[in-house]
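# Fold and contact review
If you want the building blocks of each chain, they are given just below.
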Amino acid sequence: MGRKDDSSEDDFLLESDDDDDFVSSAPAKAKSPASAKATPKRKKPSESDGDASDRLEDDDDFEQVKKAKTSKKSPGPKPAKKMPAVEKKPTKKEPEKKEPEKPKDMMSQSQAEEEVAKYMRQTNRPYSVLNVFENLHRRIGKTMLTKILDVLVEKGEIKCKTYGKSQIYYYNQKKLPPPCSTTLAQTEAAIQTVADDVQNAERALKEAESVLHGLSNQMTDAELDQQITEYTTQVATLSATLQRLDDPNRAPVAPEKKKAISDQFTKYKTAWVKRKRIVMDAIDQIAEGMEKKRKDVLDLCGIETDESVGVKAIPSL
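Residues numbered from 1 in each chain as written. Predicted model: local features only at pLDDT ≥ 70, side-chain atom pairs only at ≥ 80, totals over all residues. Heavy atoms only, no water.

Counting 18 residues, the largest nonpolar core has Val116, Met120, Ile140, Leu145 and Ile158 as the members making the most contacts within it. Listed by contribution, the elements that provide at least two residues to this core are α4 (109-123), α5 (129-135), α6 (142-155) and β2 (166-171). Broken down by element, the residue count for this core peaks at 5 residues, all from α4. Beyond its immediate chain neighbours, meaning those up to four positions away, Ile140 contacts Met107, Ala112, Val116, Phe133, Leu145 and Ile148. (Core = buried A, V, L, I, M, F, W, Y, C linked by side-chain atoms within 4.5 Å. Buried < 20%, exposed > 50% of the residue type's maximum accessible area, 1.4 Å probe, protein only. Helix = DSSP H or I, 4+ residues; strand = E, 2+ residues; numbered from the N terminus. Contact = heavy atoms within 4.5 Å.)

What follows is the structure in structure tokens.
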């Protein structure tokens, strides 16, 4: 009996200790419920879960390899080649359809004969066949017109005169009414008056041209002043030379020196005359070929003459 009590007491103590531990741990867990929720317990992966994950990874690898093969087999769309720009040819405009010309109103022979006779009487001027054909606006053919003119000549309506190969037709003056003597006298007087006016105008024109020619040939005031200055200088030089030559104490010139100077002057004068003649002959030929005056050719070539530089005549001893 005594053993049973001891064991019961020991068991009671053990149970009480366990209860104390349980009680002491319970409130601690109750104090932090959030921490208990925040840290859920992990389940250990079982063998079945590992096999399933391995299978999924194998399937993913297979699909990636398959996609890579299909991407190699079916390349993306190639870039479209740029076609060269084709130049648009200009469209040819269709020629506008011209309306057919209306046929000219052709006359009968009788109407044409009346028309030609009326025209020749109204104009009262000499014409050739071509002139009449053009003046009548080609309403009558040339062949018919020639026949009509010949018929009118036979009838005496018009006259015909032949000049070489051409024939001139004009209205018969005898068929025109004679002019009135008074009208004729007035017309002749008017013609004479106009002729006198023309003669007077021509005479006045000639006088004006002569005055203009004289004025254009005269020197201007500036040219006169320049020439007076040159002549004054020349007179002073010649006066000094004359005074020196008239000096009785002057030494005479040696005959040899005088002859040498004379020969040299003759040589230069001969060359001057010869070359001037050659140049003028050439200028005259050029002017004749160009159908121009000598002065125009000299100005065109820029040649100075003796007259242009003030030499009126070739000097002599």
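Alright, that's what it looks like, and here's the rest.
Helices that pack against each other are described as a pair by the angle of their axes relative to one another and the distance between those axes. Two elements in contact, α4 and α6, have axes whose closest approach is 10 Å; the angle formed by their N-to-C orientations is 65 degrees. Note on packing geometry: the crossing formed by α4 with α6 is right-handed. Residues Gln109, Ala112, Glu113, Val116 and Ala117 of α4 form the contact with α6, whose participating residues are Met144, Leu145, Ile148, Leu149, Val151, Leu152 and Lys155. Each residue belonging to the contact of α4 with α6 can be placed in one class, and the counts come to 9 nonpolar, 1 polar and 2 charged. (Axes fitted to C-alpha atoms, helices over the stretch in contact; angles between N-to-C directions. Left-handed = near helix turned anticlockwise from the far one by under 90°. Nonpolar A, V, L, I, M, F, W, Y, C, P; charged D, E, K, R; others polar.)

As paired strands, strand β1 (residues 158-163) and β2 are joined by 6 bridges and run antiparallel to one another. Bridge pairing in β2 places Lys161 opposite Ile168. Counting the residues in the hairpin turn of β1 and β2 gives 2 residues, including Gly164, whose phi is positive at 70 degrees. (Pairing = 2+ DSSP bridges.)

Our next topic: the pattern of salt bridges. Counting across every chain of the model gives 6 salt bridges. A salt bridge links Glu134 to Arg138, with the shortest nitrogen-to-oxygen separation between them at 3.0 Å. According to the relative accessible area criterion, Glu134 is partly exposed, its value standing at 36%. (Salt bridge = Lys/Arg side-chain N within 4 Å of Asp/Glu carboxyl O.)

The next point concerns the side chain of Glu113. With respect to the helices and strands, the residue Glu113 is situated in helix α4. Of the polar contacts made by the side chain of Glu113, one reaches the side chain of Lys155; its length is 2.5 Å. Other than its neighbours up to four places away in sequence, Glu113 contacts Ile148, Val151, Leu152 and Lys155. (Polar contact = N/O pair within 3.5 Å; in protein donor to acceptor, adjacent residues only side chain to side chain.)

So, on to the packing of helix α9 (residues 255-290) against helix α10 (residues 294-301). Contact geometry for α9 and α10: axes closest at 9 Å, N-to-C directions at 105 degrees. As the angle between them shows, α9 and α10 are arranged roughly perpendicular. Each of Met280, Ile283, Asp284, Ile286, Ala287 and Met290 in α9 lies in contact with α10, whose residues at this interface are Arg294, Val297, Leu298 and Leu300. (Parallel < 35°, antiparallel > 145°, perpendicular 65-115°, else oblique.)

It is worth spelling out the confidence of the model for the chain at this point. When pLDDT is averaged along the chain, the result is 77, and 67% of the positions lie at 70 or above. Taken as a whole, residues 12-41 scores under 50 in pLDDT and shows 0 contacts with residues more than four places along the chain or in a different chain. Every residue in residues 43-50 is under pLDDT 50, and counting partners more than four places away or in other chains gives 0 contacts. (pLDDT = per-residue confidence, 0-100.)

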